[in-house]
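The residues making up each chain are set out below.
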Amino acid sequence: MFDLIGKRRWFYMFSALITIPGLIFILLTPLTGGRIGLQFSIDFTGGTVWEIHFANGTPSTSDVQAIMAEQGLHGTAAITTSGGKSYVLIRTEQIGLADFPSPSASGSPGPSASPGSIGTVPPSGAVSSAAPSGAVSSAAPSNSPSPSPSASAAAVVPGSSPSPSASPTTGSAIGLPTEGKLADLRFALEDQFGPIDEVRQEANIGPLISNEIAQQALLLIVLGSIGILAWVTFRFRDFRMGATAIAALIHDVLVVVGTFAILGTFFALQIDALFVTAMLTVIGFSVHDTIVVYDRIRENRIRHAGEPFEAIVNHSLLQTIGRSLNTSLTTILVLTALLLFGSDATRAFVFAMVIGIVSGTYSSIFNASSLLVDWHLRDDRRRAREFADARGR
């Protein structure tokens, strides 16, 4: 019989080799001000989201990012698809979105932006989303006896094209910026790739929203881990099983986050809001495999009563390893297809899932059970010393 548990020191060494470099890069993130380590998207740092469609075809993400670099903008570009059309999704620092117009000095209400206007930001500066291109804000009629001239005509949103009539002649969508950094980016893109005929999304994510997202992400992971510890401990009536399951889970989190820290340093791979979803899925998958192994250990402790605990665990691993590998392999095949042929917008999410599932399968088989064996052996040695001390008195 192959002795997996007897080789657990090698498994620990391999885990150290794949987690310590990533952990170093994670720790370097705050020490270097983000220059080295994890690279966060605007979902966590705040910024501008601009999703557009080009009339002459969709450029590649690398070409769009080259234009952004020429404009001195740091961010990412991705290709998204909706309704059979391909859009360019640009995420960068906060640029180009205008504020709501302030009330006039006389106290009469000024023009109010319609719900579907493009390029407006709520007073809090938190989030602004755009309706389909071509939406313009219209002035609300004044209640005063003599309405002001500005309230009697339609008001175009600041930063939009001056007149709807310009669209048919230039081929550009209404609502495109005409001044500021976002306008400079627009003109540079149109010079290179042709006119923009649709603005699908234009929004600002303020620092308050991004901080909330980061706090909620951390809270979800912590609460999920506590819930897993409590349930596994209750289910198997053994705190050691719950604790070692959490240790394997932490291993998987470090592997995924560390990989993103290393790749973020050298290839600018960013962590976005979907990354949190990927991590929660990885946590659930990792614990799922661990519970399968632990359930078999519980059964074999009854069937093989009197055998050493490490032998029982080894039996259980050999009985469940085929099932765990087959389940993981089928999942990884689907994710690999998504990684190779899916949208750029979900590529980082799928990549995190692939790394996490591979790591989760490994840690459930080779780490969680090995830690459980070492913990049991340590408790057995402690009880033997206590028994020897009691007899020596």
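Residues numbered from 1 in each chain as written. Predicted model: local features only at pLDDT ≥ 70, side-chain atom pairs only at ≥ 80, totals over all residues. Heavy atoms only, no water.

(A) Focus on the environment of L269. Structurally, L269 can be placed in the loop between α8 (239–267) and β8 (270–271). Residue classification places L269 among the partly exposed residues on the basis of a relative accessible area of 21%. C-alpha separation for the pair L269 and Q39, spaced 230 residues apart in sequence, amounts to 6.7 Å. Once residues lying within four places of it in the same chain are set aside, the contact partners of L269 are Q39, F260, L263, G264, A348 and F351. (Helix = DSSP H or I, 4+ residues; strand = E, 2+ residues; numbered from the N terminus. Buried < 20%, exposed > 50% of the residue type's maximum accessible area, 1.4 Å probe, protein only. Contact = heavy atoms within 4.5 Å.)

(B) View of the pairing of strand β7 (residues 196–205). For β7, the buried fraction is high: 7 of the 10 residues fall into the buried class. Here strand β2 (residues 47–54) runs beside β7; their pairing, made up of 8 bridges, is antiparallel. Across the sheet, residue G47 finds its bridge partner in β7, namely I205. (Pairing = 2+ DSSP bridges.)

(C) View of the packing of helix α3 (residues 61–70) against helix α6 (residues 181–193). With their axes 10 Å apart at the nearest point, α3 and α6 run at an angle of 135° to one another. As far as their axial angle goes, α6 and α3 are oblique. Relative to α6, the crossing made by α3 is right-handed. Residues D63, V64, I67 and M68 of α3 pack against L185, A188, L189, Q192 and F193 of α6. Within the contact of α3 with α6, the residues separate by chemical class into 7 nonpolar, 1 polar and 1 charged. (Axes fitted to C-alpha atoms, helices over the stretch in contact; angles between N-to-C directions. Parallel < 35°, antiparallel > 145°, perpendicular 65-115°, else oblique. Left-handed = near helix turned anticlockwise from the far one by under 90°. Nonpolar A, V, L, I, M, F, W, Y, C, P; charged D, E, K, R; others polar.)

(D) Layout of helix α9 (residues 273–303). Compared with an ideal rise of 1.5 Å per residue, which puts 31 residues at 45 Å, α9 spans 47 Å between its outermost C-alpha atoms and is within 8% of the ideal. Measuring from the side-chain oxygen of the N-cap residue of α9 to the backbone nitrogen of L274 gives 3.2 Å; that N-cap residue is D272. (Expected span 1.5 Å × (residues − 1). Polar contact = N/O pair within 3.5 Å; in protein donor to acceptor, adjacent residues only side chain to side chain.)

(E) Quick peek at the pattern of salt bridges. Within this structure, the stated rule accounts for 15 salt bridges. D379 serves as the salt-bridge partner of R378, at 4.0 Å between the closest nitrogen and oxygen. Across the pair R383 and D380 runs a salt bridge whose closest N-O atoms are separated by 2.5 Å. With a gap of 3 residues between them, R383 and D380 both fall in helix α11 (residues 347–392), about one helical turn apart. Taking the relative accessible area as the measure of exposure, R383 reaches 41% and is therefore partly exposed. Exposure remark for D380: the relative accessible area of 36% places this residue in the partly exposed category. Here the salt bridges share partners, and the residues they tie into one network are D238, R240, R378, D379, R382 and E386. (Salt bridge = Lys/Arg side-chain N within 4 Å of Asp/Glu carboxyl O.)

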